[in-house]
Amino acid sequence: MQGLKPCPFCGNMNIGYSIKVASRTRVKANYHICMYCKECNCYGRRILVTITSNARSDLEHDADIRKLAEDAWNNRE
């Protein structure tokens, strides 16, 4: 996780990647993705992502999608 800023509240560098189901149908799934602090549970801006495969593992291994969450964490205002 190089390049991530520390948590803005506690300063911790132990930052995780969160993927949560927003809604799901047979043909698509919506997920909220974001980065979060594992120490104080501060969450970054959530991004809504829609995939048609309905497989969460597609998001877990997609570097471009994770980069969106990392950029949102680093560019908080």
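Below or above, wherever it landed, is the structure these notes cover. Values in this document were obtained by computation on a predicted structure and should not be read as measured data.

1. Points about the sheet that holds strand β1 (residues 15-24)
Phase 1: Spatial ordering of the open sheet is given by β1-β2-β3, a layout of 3 strands whose pairing is antiparallel. The open sheet terminates on both sides in strands that have one partner only, identified here as β1 and β3 (47-51). When strand polarity is set aside, the average angle formed by the axes of neighbouring strands in this sheet is 30°.
Phase 2: Looking at chain direction, β1 and strand β2 (residues 29-37) are connected through 9 bridges and run antiparallel. Directly across from S23, in β2, lies its bridge partner N30.
Phase 3: Most of the contacts of helix α2 (residues 63-74) go to β2, to which it runs at about 45°, and overall it touches β1, β2 and β3.

2. Re the nonpolar core
Phase 1: In terms of nonpolar packing, the biggest core is built from 19 residues, with Y17, I33, M35, V49, L59 and W73 touching the most fellow members.
Phase 2: For this core, the secondary structure elements donating two or more residues are β1, β2, β3 and α2.

3. Looking at the packing of aromatic side chains
Phase 1: Considering all chains together, one arrives at 1 aromatic pair under this definition.
Phase 2: Relative to Y43, the ring of Y36 has its centre 5.1 Å away and its plane inclined at 15°; by these criteria the two rings are stacked.
Phase 3: Under the relative-accessibility criterion, Y36 is labelled buried at 18%.
Phase 4: Its end group placed over the ring of Y43, R46 keeps NZ or CZ at 4.9 Å from the ring centre.

4. Describing the environment of A69
Phase 1: Its place among the elements puts A69 in helix α2.
Phase 2: In this structure A69 comes out as buried when scored by relative accessible area, which is 1%.
Phase 3: Once the C-alpha coordinates of A69 and S23 are considered, the two residues, 46 residues apart in sequence, prove to be 19 Å apart.
Phase 4: The residues contacting A69, other than those within four sequence positions of it, are Y17, I33, C34, M35 and I47.

The rules behind each value
Counting from 1, residues in each chain are numbered in the order their sequence is written. At least 70 in pLDDT is required for a residue's local features to be given in this predicted model, at least 80 for side-chain atom pairs to be given and counted, and no such filter applies to totals for whole chains, interfaces and linings, which use all residues. Heavy atoms from the whole structure form the basis of all side-chain values; hydrogens and water molecules are not counted. In this scheme, strands are said to pair when DSSP sees at least two bridges between them. Working definition: helices are DSSP H or I runs of at least four residues, strands are E runs of at least two. Numbering for both runs from the N terminus. Comment: axis = line fitted to C-alpha atoms, over the contacting stretch for helices; angle = value between 0 and 180 degrees taken between N-to-C directions. Any pair of residues with heavy atoms lying within 4.5 Å of one another is described as a contacting pair. Each nonpolar core is a collection of buried residues, namely Ala, Val, Leu, Ile, Met, Phe, Trp, Tyr and Cys, held together in the definition by side-chain atoms within 4.5 Å. Exposure classes here rest on a 1.4 Å probe applied to the protein chains alone. A residue is buried below 20% of its type maximum, exposed above 50%, and partly exposed in between. Working definition: rings of Phe, Tyr and Trp (its six-membered ring) pair if their centres are within 6.5 Å, and the pair is stacked with planes under 30 degrees apart, edge-to-face with planes over 60 apart, and tilted otherwise. Two conditions define a charge located above a ring, namely a distance within 6 Å from the ring centre to NZ of Lys or CZ of Arg, and an angle within 35 degrees of the ring normal.

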